[in-house]
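Summary of structural features
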Amino acid sequence: MPRGRARVPPGGVVAVADVIRVLIVDDDALVRAGLGMVLGGDPDIELVGEAGDGAAAVQAVRALRPDVVLMDIRMPRMDGLAALEALQAAGSAPAVVVLTTFDTDDHVLRALRLGAHGFLLKDTPPLAILDAVRRVAAGEQMLSPSVVKQLIARIVHDESDERRRNAARTLDTLTPRERDVAEAVAEGRSNAEISGALHMSVATVKTYVSRILAKLGCANRVQVAILVHEARQA
């Protein structure tokens, strides 16, 4: 297992093979200091560096090879979204959690299209930030509930009736149990939460999620959520 990557053993408790290496990217020194205090108190997380803008972040990722990057959006020289695009283009990008005071539709949609693993607002409580770091290190996606609702409302509102009917037909390819898991994913539940709700092991949940992604032709859990919500409107 790669260094610093988290694993989810039976029971749903996230453990780490070593530590999760985190890079903080924000042009506000006070924000960086605050996040550093939050992350520094967790023995399973190592703060490997900081950057004050997107261009410095790209260089820091290459030099420090973090597992997770907490990335602001609004920054000088190169903003967080441009940095995310550059990291994806370079390949082997770390998991990026976009951390910002802005939750507008355009920011959410562009960040997800560029491959962000998570999207949290800066007023997110410290424990939720730690949880987000652990989730994305474990291969899950993490979005603020308000962001999920806004994203779904925007996309579903804009879609045509035909697209909604296609979404319903696509979901009909799932077995009843797969549909249960897909519905849970659409509610933003983690693998551990789905495990408890549907009375299956976390490993089984992960198998179901992988199968659902393949069947539905979705790249990530957010796309599954969008498809489910589109189908509900059909």
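Everything numeric in this text was worked out from a predicted model, so none of it was measured.

Calculation criteria
Residues numbered from 1 in each chain as written. Predicted model: local features only at pLDDT ≥ 70, side-chain atom pairs only at ≥ 80, totals over all residues. Heavy atoms only, no water. Helix = DSSP H or I, 4+ residues; strand = E, 2+ residues; numbered from the N terminus. Buried < 20%, exposed > 50% of the residue type's maximum accessible area, 1.4 Å probe, protein only. Phe/Tyr/Trp six-rings, centres within 6.5 Å; stacked < 30°, edge-to-face > 60°. Lys NZ or Arg CZ within 6 Å of the ring centre and 35° of its normal. Pairing = 2+ DSSP bridges. Contact = heavy atoms within 4.5 Å. Salt bridge = Lys/Arg side-chain N within 4 Å of Asp/Glu carboxyl O.

A few words now on unusual backbone geometry. Look at arginine 65: it is not a glycine, yet its phi comes out positive at around 50 degrees. Within the secondary structure, arginine 65 is located in the loop between helix 2 (54-64) and strand 5 (68-71). According to the relative accessible area criterion, arginine 65 is exposed, its value standing at 61%. Phi at arginine 77 is positive, roughly 65 degrees, even though this residue is not glycine. Relative to the assigned elements, arginine 77 resides in the loop between strand 5 and helix 3 (80-90).

Counting across every chain of the model gives 0 aromatic pairs. Here arginine 211 stacks its cationic end above the ring of tyrosine 208, 4.9 Å away from the centre of that ring.

On to the pairing of strand 7 (residues 118-121). Neither face of strand 7 is left uncovered, since the one carrying Gly118 and Leu120 and the one carrying Phe119 and Leu121 both have all their residues buried. Here 4 bridges tie strand 6 (residues 95-100) to strand 7, and the two strands are oriented parallel to one another. Each residue of the ladder has a partner; that of leucine 99, found in strand 7, is leucine 120.

Let us look at the environment of leucine 35. For leucine 35, the position within the fold is in helix 1 (residues 29-40). On the basis of relative accessibility, which here comes to 8%, the residue leucine 35 falls in the buried class. In the structure, leucine 35 is positioned 11 residues away from isoleucine 24 in sequence and 7.6 Å away in space, judged by C-alpha atoms. Setting aside anything within four residues of it in sequence, one finds leucine 35 in contact with Ile24, Leu70, Leu99 and Ile129.

Right, let's talk about the pattern of salt bridges for a bit. Tallying each qualifying case throughout the model produces 15 salt bridges. Across the pair arginine 134 and aspartate 42 runs a salt bridge whose closest N-O atoms are separated by 3.1 Å. Residue arginine 134 is located in helix 5 (residues 126-137), and its partner aspartate 42 is located in the loop between helix 1 and strand 4 (45-51); the two are separated by 92 residues in the primary sequence. For the pair shown, arginine 134 and aspartate 42 are each scored as buried. Linking glutamate 178 and lysine 215 is a salt bridge whose minimum nitrogen-to-oxygen distance equals 2.9 Å. You can see glutamate 178 sitting in helix 8 (residues 176-186) and its partner lysine 215 sitting in helix 10 (residues 202-216), a full 37 residues away along the chain. Accessibility expressed as a relative area gives 39% for lysine 215, which makes it partly exposed. A cluster of three or more residues bridged by salt bridges with shared partners is formed by Arg179, Glu183, Glu187 and Arg232.

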